[in-house]
Amino acid sequence: MTRAYDEWVAAVFDVVPARLVLLGLFLITLVGALLWYSFPVWVPRRWPHLRMPRIDLRLPRRRTRRRPAPRGAGPHDHLHKPHRVRDSASPTEPDADRLAAEGRYAEAIRQRLRDTVTDLTRAGVVAPQPGTTAAELADATAGARPGVAPAMDEATALFSEVWYGHRPAAAEHDERMRRLTDEVRDDVGGPR
């Protein structure tokens, strides 16, 4: 294999001077580098589609009877429903004290903050929307009730450390969260 390659290179250099071959290789490399650098620019946005005849090979399905939609129910009605605040006394929602007793301190911290936000919402202090962050809730609470700002800031910082910083939660973290959320609830007048 090596001998055949050597003979082919010798035959090329007999016909074309070596300097011209090297110049050609350099130009090919340069053009390739420019195309690589400007890759998205020269790629067409839409490739042409070949239209192939469509053949349906599916077996006929048995028709089922559809239930009519309720009056006034459109396909996008769920988008216009107001955000419902969850009730913290719901039997399906976990209780923060029960979670702490089970040793699930991170979940207890999260539940205590949820319950506090529910109380703040009921009191009209904040109006959280889906996707609102803990820091945005703390800012909104501080704007409405400046007296609770330090406690709410510390509570959201603790929550963020545990949930987003992946810090292991312990009983003392849960107790600190309990004190902070109680301070906020005392100011708002929510249940403890």
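Rules of the game
All chains use their own residue numbering, which begins from 1 and follows the written sequence. The model is predicted, so local features are restricted to residues of pLDDT at least 70 and side-chain atom pairs to those at 80 or more, both for listing and for counting; the totals for chains, interfaces and linings are taken over all residues. Neither water nor hydrogens contribute to the side-chain values; these are computed over all heavy atoms in the structure. Between rings of Phe, Tyr and Trp, where Trp is taken as its six-membered ring, a pair exists when centres lie within 6.5 Å; planes separated by under 30 degrees are stacked, by over 60 edge-to-face, and by other angles tilted. Relative accessibility thresholds used throughout: buried, under 20% of the residue-type maximum; exposed, over 50%; partly exposed, between the two (1.4 Å probe, protein chains only). Side-chain atoms within 4.5 Å link the members of a nonpolar core, which is a set of buried Ala, Val, Leu, Ile, Met, Phe, Trp, Tyr and Cys residues. By definition, any uninterrupted DSSP run of H or I lasting at least four residues is a helix, any uninterrupted run of E lasting at least two residues is a strand, and each is numbered from the N terminus. Contacts are assigned to residue pairs with any non-hydrogen atoms lying within 4.5 Å of each other.

Draft legend 1. Local environment of the packing of aromatic side chains. All chains considered together, the criterion is met by 2 aromatic pairs. Centre to centre, the rings of F159 and Y164 are 5.7 Å apart; their planes meet at 85°, and the pair counts as edge-to-face. Taking the relative accessible area as the measure of exposure, Y164 reaches 60% and is therefore exposed.

Draft legend 2. Representation of the nonpolar core in the model. Ranked by size, the top nonpolar core spans 20 residues in total, and within it L113, L120, M152, M177 and V184 carry the most contacts. Among the secondary structure elements, those contributing two or more residues to this core are helix 5 (105-122), helix 6 (134-144), helix 7 (149-163) and helix 8 (171-188). If one sorts the elements of this core by residue count, helix 7 sits on top with 6 residues. Setting aside residues up to four positions removed in sequence, L120 forms contacts with V125, V126, T141, M152, V184 and V188.

Draft legend 3. Quick peek at the environment of L137. By the secondary structure assignment, L137 is in helix 6. A relative accessible area of 11% means that L137 is categorised as buried. Measuring from C-alpha to C-alpha, the distance between L137 and D153 comes to 9.2 Å, with 16 residues separating the pair along the chain. If we ignore the near neighbours within four places in the chain, the residues touching L137 are V117, V126, P128 and T132.

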